[in-house]
Amino acid sequence: MVNFNTIGELVALAGAQQVPLHEIVIQHEIHVSQQERTAIVTAMEKNWQVMKASIERGISNQEKSLSGLTGGDAKRLYDYQDKGYMGRQVLSAAAYAVGISEVNAVMGRIVACPTAGSCGIVPAALYAAQQKKNLPDAAIVMALFTAAGIGMVVDQNASIAGAQGGCQAECGTAAGMAAAALVELAGGSPQAAANATALAIKNLLGLVCDPVAGLVEVPCVKRNGFAAVEAMLAADMSLAGVESVIPVDEVIDAMNRIGKALPKSLRETSEGGLATTPTAKALTKRIYPQV
Amino acid sequence: MHGVFDIVGPVMIGPSSSHTAGAVRLGLMARKILGEEAAKAEINLHGSFAMTYRGHGTDKALIAGILGFSPEDERIREALEIAAQKGMSCSFQTVNIEDAHPNTAVIYLVGTSGRTARVRGASVGGGNIMITNIDGYNVELTGRYPALITIHHDCPGVITQVTKLLAEANVNIAFMRVSRQNRGETAMMIMELDEEPAAEVVEQCRQSKAVDYAFAIPAI
């Protein structure tokens, strides 16, 4: 059976078989889950359909969340996409990511990727890639397996939970997953995909989890937009030949050590950072008058 | 290592895997333990659940589960209205329970036939749950496996009888726990199983000597 514990091992297996990363991830899943390949691919197709539906709902969403903190920004950004500095490609991707997160905040249906708090990043980047390169859904579904493989290694060797590793573990991991998937979709090598993950995660190291009023909204919703764009830049850097000086598995190890060094107040407890600003405290009081 | 669909997945209703998706599963387990439709739900919320339940829709999620909805059902956000339409009464209180997990709910249900169940459980992260008490008996139930529960007289031989019935039906026990309130009084046995037991096996357990009641809970 194929087995990998690091991104380096995953890349080496793909190299040995002369296949893309997603093929190794699928082989691994077939073995571990004891399911047929078609069942596994069908389940991922369903996830992609849910992701696309959440994007379409997100960019037209005008509804406010239960707390009233978020809602309507994805549509604002999407409507602005032709006027900005960054161009249509980038702004629409940011709008998709913000939109999915807004759908999450209004109790809509999303796919955790790897978590609910970071659910906008991977689908937004992949949807933007699909439009840019006119790719079939089947190609995106394969890229989701590549993204999953990256996330599995981070989960095992560091963390994907904000309560353990801060936001770097959620949005940082999601950006790393998205970057590798984008490189693969552009025809880049497994090594280039891993390099893009390193670039993406490195830039988000140290990001803390300090949500206002304990809700998955501020700063999470807009951060999904930033992180989707960051993943695209990391993919482009890698495809252009820019190399991360620190190899990806060492970056993941650094993320793990940084996560452990973060104080509890900055790991999803809302006892520090943005959550304890005067504005956040006032908002918290408004949202939870009984406490 | 986790699987592909632990990383890209699950499909869920937001905003939070622990405060929303896990809460649906807690409600669902309470509904399965009650074994019938609920006419009344009284829910106590502790810790982070008590602090943030409105912002996360934890109240809606718990009721959605009690209504039998899955964590990816888009009706979760309307669960309180749907419960009201069905004539189910729902109330919420915030409480402080010593040494309880921060995301703990105590769910008291009265069924349409008058049957009651009091279920305490916690949402322990990533949508996973742990039921820790049923009707005063300490348990550990995750909902990952089908379970068989008996309420019986605390006397020698009951475990043998029940496990023999399962063995004859070729049902394997994965985890098992026995607890009682006082020696020689009522006791509870909880078996998490690799397969769901057939209805007649559950009925045979009910008919066993010293067993007051037996019921099965499917995996959720």
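The model shown is predicted, which means the values in this text are computed figures rather than measured ones.

Enquirer: Any chance you could break down the overall build of chain B for me, citing the residues and the numbers?
Expert: Looking only at helices and strands, chain B has seven helices and 11 strands in total. On the principal axes, the C-alpha backbone points of chain B span a range of 50 × 40 × 35 Å. Residue burial in chain B is summarised as follows: out of 220 residues, 45% are buried. For chain B, contacts bridging at least 24 residues in sequence account for 69% of all contacts bridging at least 6.

Enquirer: Could you give an account of the nonpolar core, with specific residues and numbers?
Expert: Residue and element names in this part refer to chain A. In this structure, Ile121, Ala125, Ala175, Ala178, Ala179, Ala228 and Ala231 are the most contacted members of the largest nonpolar core, which totals 167 residues. For this core, the element with the most residues is helix α9 (residues 167–185), which contributes 13 residues. Those residues within four positions of Ala179 in sequence are excluded, and the remaining contacts are Ala196, Thr197, Leu199, Ala200, Ala231, Ala234 and Ala235.

Enquirer: How would you summarise the sheet that holds strand β11 (residues 211–217) of chain B if you had to cite specific residues and measurements?
Expert: Residue and element names in this part refer to chain B. Ordered by their spatial adjacency, four strands build an open sheet running β9-β10-β8-β11, and the pairing between neighbours is antiparallel. A single partner strand is all that each edge strand has here, and the edge strands are β9 (173–180) and β11. Averaged over all pairs of adjacent strands, the angle between their axes in this sheet comes to 15°, without regard to strand direction. Bridge analysis of β9 against strand β10 (residues 186–193) gives seven bridges, and the strand direction is antiparallel. Residue pairing across strands places Ser179 opposite Met188, the latter belonging to β10. Here helix α6 (residues 158–168) sits on the sheet in contact with β8 (147–153), β9, β10 and β11, set at roughly 155° to β9.

Enquirer: Requested: an account of helix α10 (residues 190–204) of chain A, with residues and values cited.
Expert: Residues three or four positions apart in an α-helix share a direction because the helix packs 3.6 residues into each turn. All names here are of chain A. Relative to the 21 Å expected for 15 residues at 1.5 Å per residue, α10 spans 22 Å between its end C-alpha atoms, a close match to the ideal helical length. With 13 of its 15 residues buried, α10 lies for the most part within the structure. Just past α10, the residue Gly206 takes up positive phi, approximately 90°.

Enquirer: Which residues make up the pairing of β8(B), and what values do they have?
Expert: Residues and elements named next belong to chain B. In terms of residue burial, β8 counts as a mostly covered element, since five of its seven residues are buried. Pairing between β8 and β10: seven bridges, direction antiparallel. By the bridge assignment for β10, His153 is matched with Thr186. In the sheet, β8 pairs with β11 via six bridges, with the strands oriented antiparallel. The partner of Ala147 across the bridge, within β11, is Ile217.

Enquirer: How would you summarise the sheet that holds strand β4 (residues 103–111) of chain B if you had to cite specific residues and measurements?
Expert: All names here are of chain B. Spatially, β3-β2-β4-β5-β6-β7 is the arrangement adopted by the six strands of the open sheet, whose pairing is mixed. Bordering the open sheet on either side are β3 (89–95) and β7 (137–141), each of which pairs with just one other strand. Between one strand axis and the next, the sheet turns through 20° on average, direction left out of account. Pairing of strand β2 (residues 38–47) with β4, which is carried by nine bridges, proceeds in the antiparallel orientation.

Enquirer: Please give an account of the interface of chain B and chain A that cites residues and values.
Expert: Counting residues at the interface gives 28 residues for chain B, matched by 39 residues for chain A. Sorting elements by how many residues they give to the side of chain B that touches chain A places helix α3 (residues 48–56) of chain B first, with six residues. When its residues are assigned to classes, the side of chain B that touches chain A shows 12 nonpolar, 12 polar and four charged.

Enquirer: Tell me about the domain arrangement of chain B, and please be specific about residues and values.
Expert: Under the domain assignment used here, chain B contains domain 1 (4–135) and domain 2 (147–217). A separation of 26 Å is found between the C-alpha centroids of domain 1 of chain B and domain 2 of chain B.

Enquirer: How would you summarise the packing of α10(A) against helix α11 (residues 220–239) of chain A if you had to cite specific residues and measurements?
Expert: Residue and element names in this part refer to chain A. Put simply, α10 and α11 touch, their axes get as near as 8 Å, and they point 135° apart. As the angle between them shows, α10 and α11 are arranged oblique. Here the hand of the crossing between α10 and α11 comes out right-handed. Residues Ala192, Asn195, Ala196, Leu199, Ala200, Asn203 and Leu204 of α10 lie in contact with α11, whose contacting residues are Ala227, Glu230, Ala231, Ala234, Ala235, Met237, Ser238 and Leu239. Looking at side-chain class alone, the contact of α10 with α11 contains 11 nonpolar, three polar and one charged residues.

The rules behind each value
Residues numbered from 1 in each chain as written. Chains lettered and ligands numbered in written order. Predicted model: local features only at pLDDT ≥ 70, side-chain atom pairs only at ≥ 80, totals over all residues. Helix = DSSP H or I, 4+ residues; strand = E, 2+ residues; numbered from the N terminus. Buried ≥ 20, exposed ≤ 12 C-beta atoms within 10 Å, placed from the backbone. Contact = placed C-beta atoms within 7 Å. Core = buried A, V, L, I, M, F, W, Y, C linked by C-beta atoms within 7 Å. Pairing = 2+ DSSP bridges. Axes fitted to C-alpha atoms, helices over the stretch in contact; angles between N-to-C directions. Expected span 1.5 Å × (residues − 1). Nonpolar A, V, L, I, M, F, W, Y, C, P; charged D, E, K, R; others polar. Domains from an automatic or database assignment. Parallel < 35°, antiparallel > 145°, perpendicular 65-115°, else oblique. Left-handed = near helix turned anticlockwise from the far one by under 90°.

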